[in-house]
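Chains, contacts and geometry: an overview
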Amino acid sequence: MANLYAATNGLSLWTSSDNGDTINRMPTSTGLYSGAWVWGLAAHPTNPNELLVGTNFGVYKYDQKTKKMNLLNLPMENGLQMVTACAYHPSNPDIIVVGTQPGQLFRTADGGKTWTNVGAAISKYAERYYEGHWTRVTCVIFDPKDGNHCWAGVEIDGVWHSSDAGLTWTRVAKDGIPPDIHGFGITHIGGERRLFAATNKGAFLTVDNGNNWEIKPLDSKYHFIRSVVARPDGSGVMFECDGDGPPGTIGELHRSRDHGKTWEKVELPGTLESSMYFVAVHPSDPKLVFAACNLGQLFRSTDGGETWTALKRRLPEIRALAWLPDAA
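Residues numbered from 1 in each chain as written. Predicted model: local features only at pLDDT ≥ 70, side-chain atom pairs only at ≥ 80, totals over all residues. Heavy atoms only, no water.

Describing the overall build of the chain
- For the chain, the helix and strand inventory stands at zero helices and 28 strands.
- In summary, the chain has a C-alpha radius of gyration of 18 Å against a globular reference of 20 Å for 328 residues, a match within 12%.
- Taking all 328 residues of the chain together, 61% fall into the buried category.
- Within the chain, residue pairs in contact and separated by at least 24 positions form 47% of the contacts whose partners lie at least 6 positions apart. (Helix = DSSP H or I, 4+ residues; strand = E, 2+ residues; numbered from the N terminus. Rg over C-alpha atoms; globule rule 2.2 N^0.38 Å. Buried < 20%, exposed > 50% of the residue type's maximum accessible area, 1.4 Å probe, protein only. Contact = heavy atoms within 4.5 Å.)

A look at unusual backbone geometry
- Following Q101, the chain continues to P102 via a peptide bond in cis, the omega torsion being -5°.
- Within the element layout of this structure, P102 appears in the loop between strand 9 (96-101) and strand 10 (105-108).
- Phi at K67 is positive, roughly 60°, even though this residue is not glycine.
- Considering the arrangement of structural elements, one finds K67 in the loop between strand 6 (58-63) and strand 7 (68-71).
- Residue H259 is not a glycine yet carries a positive backbone phi of 60°.
- Following the sequence through the fold, H259 ends up in the loop between strand 22 (251-256) and strand 23 (264-266).

Remarks on the sheet that holds strand 16 (residues 181-189)
- With antiparallel pairing, four strands are arranged side by side in an open sheet as 16-17-18-19. If you trace the sheet from one side to the other, it starts and ends with strand 16 and strand 19 (214-215), each paired once.
- The sheet contact formed by strand 18 (residues 202-206) and strand 19 spans two bridges and is antiparallel. Residue F204 lies in a different strand from strand 19, and its bridge partner there is I215. (Pairing = 2+ DSSP bridges.)

Section: the pairing of strand 21 (residues 238-243)
- Strand 21 sits mainly inside the fold: six of its six residues count as buried.
- Alternating positions in strand 21 separate into two faces, M238, E240 and D242 on one and F239, C241 and G243 on the other, with burial throughout.
- As paired strands, strand 20 (residues 224-230) and strand 21 are joined by six bridges and run antiparallel to one another. By the bridge assignment for strand 21, I225 is matched with D242.
- Pairing between strand 21 and strand 22: six bridges, direction antiparallel. Pairing of E240 across the sheet is with H254, part of strand 22.

Here we look at the packing of aromatic side chains
- Tallied over the entire structure, the rule returns seven aromatic pairs.
- Considering the side-chain rings of Y33 and F57, the 6.4 Å spacing of their centres and the 65° angle between planes classify their relative orientation as edge-to-face. In this pair, Y33 sits in the loop between strand 3 (24-25) and strand 4 (38-43) while F57 sits in the loop between strand 5 (50-55) and strand 6, placing the two residues 24 residues apart along the sequence.
- Judged by its relative accessible area of 47%, Y33 is partly exposed.
- Linked through ring pairs, F224, Y277 and F278 together constitute an aromatic cluster. (Phe/Tyr/Trp six-rings, centres within 6.5 Å; stacked < 30°, edge-to-face > 60°.)

Some thoughts on the side chain of D143
- You can see D143 is positioned in strand 12 (residues 136-143).
- A polar contact of 3.2 Å, which involves the side chain of D143, links it to the side chain of H188.
- In this structure, D143 is in contact with P90, H149, W151, I186, H188 and R193, ignoring residues within four places of it in sequence. (Polar contact = N/O pair within 3.5 Å; in protein donor to acceptor, adjacent residues only side chain to side chain.)

See the structure below:
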């Protein structure tokens, strides 16, 4: 059985220990207020019991053996910042990068004891909007095969790249991709790194770390892409979540079997009532896949995404999804 974690806006973190058949909200006694806004989740690359949790109070480490949250010592500006994205370095998990709203990037190299604002020149206010509409780091991702390379996506300030494990950052391809970045997915073919970016105007692909991009259209009338996720088994299977907007009134899930070269629509049970937002995978069992719509519908596949079951529980607005293997 897997432990599923679903982050919500305003009703904290929800969890299941039976593959999603039953899901309950974590109580405040875990160390995180049950009315928290939870925005980002990241599984530890080697410790199956540790989960990073980004919230409006800061970033926590959750230990699923003790069922306790540990608030890390991240400096917050006047209590205004929310941690909206987080990621572990794939081979040195003492290195963590988190992103916030308003858009900034912070890095630790000692597991969260001390932090540095890396000074990425992310705009405080979103492009094309009035002052007061803050930017938000929606995603941080390390290349699982080369942790020197990582990317941060900002809503709305484009793609940021680091080639030194998050120490320094540069905005890339300002004119080659929409600035409204929702998520990234990475796959490898031979020696080629294929990085996909999910945007409000479709999915884009780069093979040169983000300097040049090309759109990869779907056979769909919807182009609001929220995430792209590779199944962690090197098979080339990937998933792409889309819909008609945020939160949307209809969603779709698409699958690729060839590292994102071609895509097909996945048939899910029932009617999707909001945009499909998230897919959760874990290397301990690549065939177990969870998916979530923005407004609370959840789905599970136990055969790598070939067939799906709708889970019974409907949640509040979901902002992140992850799963961990059973506590050992």
